[in-house]
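Each chain, written out:
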Amino acid sequence: MKFDIAVLPGDGVGPEVVAEGLRVLEAAGKRFGHVFDFHHGLIGGVAIDEYGVALNQETIDMCRKCDAILLGAVGGPKWDDPRAKVRPEDGLLGIRKAFDLFANLRPVKVLPMLVDSTCLKPDTVRGVDLVVVRELTGGLYFGRPKRQWRTTRGRRAVDTMAYADWEVERIAKVGFEVARGRRKKLISVDKANVLETSRLWRQVVAELAPQYPDVAVENMLVDSCAMRLIQKPSDLDVLVTENTFGDILTDEASMLAGSMGMLPSASLAGIPSNGAKAFGMYEPIHGSAPRRAGMNMANPIATILSTAMMLRYSLGLADGASAIEAAVLAALDEGYRTYDIMSEGKTKVSTNEMGQLIARKLEQ
Ligand code: IPM
Ligand code: MG
């Protein structure tokens, strides 16, 4: 089969890790008899430099013609002025909204050979295998009003946290479906003791629960969840939560895995159930790491694992996805490590070398 993939490398280390993602996709294509056509576009700071905006309509139209999007990272000190009218992050928020990518899946799996590379005790992180399902197109990020203004008593600013029942319903369904495919335990994370949006969230989740009698649901307050993530993370399986809570909890959760360079993500426009395909954007959860840019150092595994998620959720190629994941494990098993997960006795490799090793495993 032939697939069209939109490729938006973005800023910093984005282009370097994306190049390795493409290398691995090509290798998977060769092995399974698929052809991937890559269509490149600009997003983030590089798009601001070229077009004056972080995401333009042509890039959106180009992505619309594709089966999925692979994104690197956006942002960097060059575009960081808080008074700037355009910000690289606008590109990311813009593309999430343009394609209604409301369902963000962020799996955190601690691989047995990396238990020692985290800052937590190995016994705490051993066996951790959880997924955060984050709502991605609502809440504080997009609610209106959102502005800053001057009053006679100084400056004021407002952001708005708003959710409609249907927005909660569709993301909660994703949570239930993902839980159904795993340990059948769903934790819905909110702040229902304080926030009205959280009270709506809880009601909607409770209303849906009877449709998923095989899934046990538990409500957890976000502050307590933050604590549980550090205290006993291996108990957690699927967490579903709103946009801002999900943003914060996933950075926290990423530390369980030792390095953000290991963690992939999918942002989907539909509900993944029974292998049904959904349009999606795939990206590593790490940022553009400007200080490492151009040094051929960054860990490409998060991006490579994101391409596996792409095969699984948007292209319906579950075998290819599993093969990529197995190739990553094989390269790590042989002791190859990028700088971020390096430990004594292992072989340190560059971005390119790690990509080549994983691609070669796929071709074997
Ligand atoms: C993420 C990032 C983004 C977010 C930023 C870059 C806008 O932190 O994907 O988690 O807050 O969603
Ligand atoms: Mg974040």
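Residues numbered from 1 in each chain as written. Chains lettered and ligands numbered in written order. Predicted model: local features only at pLDDT ≥ 70, side-chain atom pairs only at ≥ 80, totals over all residues. Heavy atoms only, no water.

**Comments concerning the site of ligand 1**
At step 1: Looking at ligand 1, the residues that line it are Glu89, Leu92, Arg96, Arg106, Arg134, Tyr141 and Asp247.
At step 2: With respect to ligand 1, the side chain of Arg96 contributes an N or O atom lying 2.8 Å from an oxygen atom.
At step 3: In the environment of ligand 1, an oxygen atom lies 2.8 Å from a nitrogen or oxygen atom belonging to the side chain of Arg106.
At step 4: In the complex, the protein chains occlude 74% of the 320 Å² of accessible area that ligand 1 would expose alone.
At step 5: Given that more than half its atoms are within 2 Å of the pocket grid, ligand 1 belongs to the second largest pocket.
At step 6: Among the elements that make up the shell around ligand 1, the one with the highest residue count is helix H4 (residues 88-98) (3 residues).
At step 7: In terms of residue class, the shell around ligand 1 is made up of 2 nonpolar, no polar and 5 charged. (Near = heavy atom within 4 Å. Polar contact = N/O pair within 3.5 Å; in protein donor to acceptor, adjacent residues only side chain to side chain. Areas by Shrake-Rupley, 256 points an atom, 1.4 Å probe, with all protein chains shown as cover. 1 Å grid on protein atoms, 1.4 Å probe; cavity = no way out; pocket = protein on both sides within 12 Å on 5 of 7 lines; lining within 4 Å. Sits in = over half its atoms within 2 Å of the grid points. Helix = DSSP H or I, 4+ residues; strand = E, 2+ residues; numbered from the N terminus. Nonpolar A, V, L, I, M, F, W, Y, C, P; charged D, E, K, R; others polar.)

**A look at helix H6 (residues 165-180)**
At step 1: Compared with an ideal rise of 1.5 Å per residue, which puts 16 residues at 22 Å, H6 spans 22 Å between its outermost C-alpha atoms and is within 8% of the ideal.
At step 2: Listing the buried residues of H6 in full gives Glu167, Val168, Arg170, Ile171, Ala172, Val174, Gly175, Phe176, Glu177, Val178 and Ala179. (Expected span 1.5 Å × (residues − 1). Buried < 20%, exposed > 50% of the residue type's maximum accessible area, 1.4 Å probe, protein only.)

**What to know about the domain arrangement of the protein**
Often, the extent of an interface is quoted as the loss of accessible area on bringing the components together.
At step 1: The domains assigned to the protein are domain 1 (1-109 + 258-364) and domain 2 (118-133 + 159-257).
At step 2: Measuring from the centre of the C-alpha atoms in domain 1 to the corresponding centre in domain 2 gives 24 Å.
At step 3: Counting residues at the interface gives 19 residues for domain 1, matched by 20 residues for domain 2.
At step 4: Of the roughly 1,700 Å² buried where domain 1 meets domain 2, counting both sides, 63% is carbon and sulfur surface.
At step 5: When the buried surface of domain 1 facing domain 2 is broken down by residue, Arg106, Val108 and Gly258 rank first, second and third, together holding 35% of it.
At step 6: In this assembly, domain 1 and domain 2 are joined by 1 salt bridge.
At step 7: Salt-bridge contacts for Arg170 lead to Asp100; the nearest nitrogen and oxygen are separated by 2.9 Å. (Domains from an automatic or database assignment. Contact = heavy atoms within 4.5 Å. Buried area = accessible area lost by both parts, 1.4 Å probe. Salt bridge = Lys/Arg side-chain N within 4 Å of Asp/Glu carboxyl O.)

**Side note on the pattern of salt bridges**
At step 1: One pass over the full model with this rule turns up 23 salt bridges.
At step 2: Asp49 is the partner of Lys78 in a salt bridge, and the nearest nitrogen-oxygen pair spans 2.6 Å. Here Lys78, found in the loop between strand S3 (68-73) and H4, pairs with Asp49, found in helix H2 (residues 45-51); they are 29 residues apart in sequence, far enough to count as distant.
At step 3: Accessibility expressed as a relative area gives 43% for Asp49, which makes it partly exposed.

**Details of the side chain of Arg170**
At step 1: For Arg170, the location among the structural elements is in helix H6.
At step 2: Judged by relative accessible area, which is 15%, Arg170 ranks as buried.
At step 3: Side chain to side chain, Arg170 and Asp100 meet in a polar contact 2.9 Å long.
At step 4: Excluding residues within four positions of it along the chain, Arg170 makes contact with Asp100, Phe102, Thr137 and Ile271.

**Let's talk about the environment of Gly10**
At step 1: Among the secondary structure elements, Gly10 is positioned in strand S1 (residues 2-10).
At step 2: Expressed as a C-alpha distance, the spacing of Gly10 and Leu71, which sit 61 residues apart in the sequence, is 7.1 Å.
At step 3: Setting aside anything within four residues of it in sequence, one finds Gly10 in contact with Pro15, Ile43, Val46 and Ala73.

**Focus: empty space enclosed by the protein**
At step 1: One pass over the full model with this rule turns up 1 cavity of 30 Å³ or more.
At step 2: Estimated volume of the largest cavity: approximately 50 Å³.
At step 3: Those elements that place two or more of their residues in the lining of the largest cavity are strand S8 (185-190) and helix H7 (196-208).
At step 4: Here the element with the most residues in the lining of the largest cavity is H7; it accounts for 3 residues.
At step 5: The class makeup of the residues in the lining of the largest cavity is 6 nonpolar, 2 polar and 2 charged. (Points joined across faces, edges and corners; volume = space filled by probe spheres on them.)

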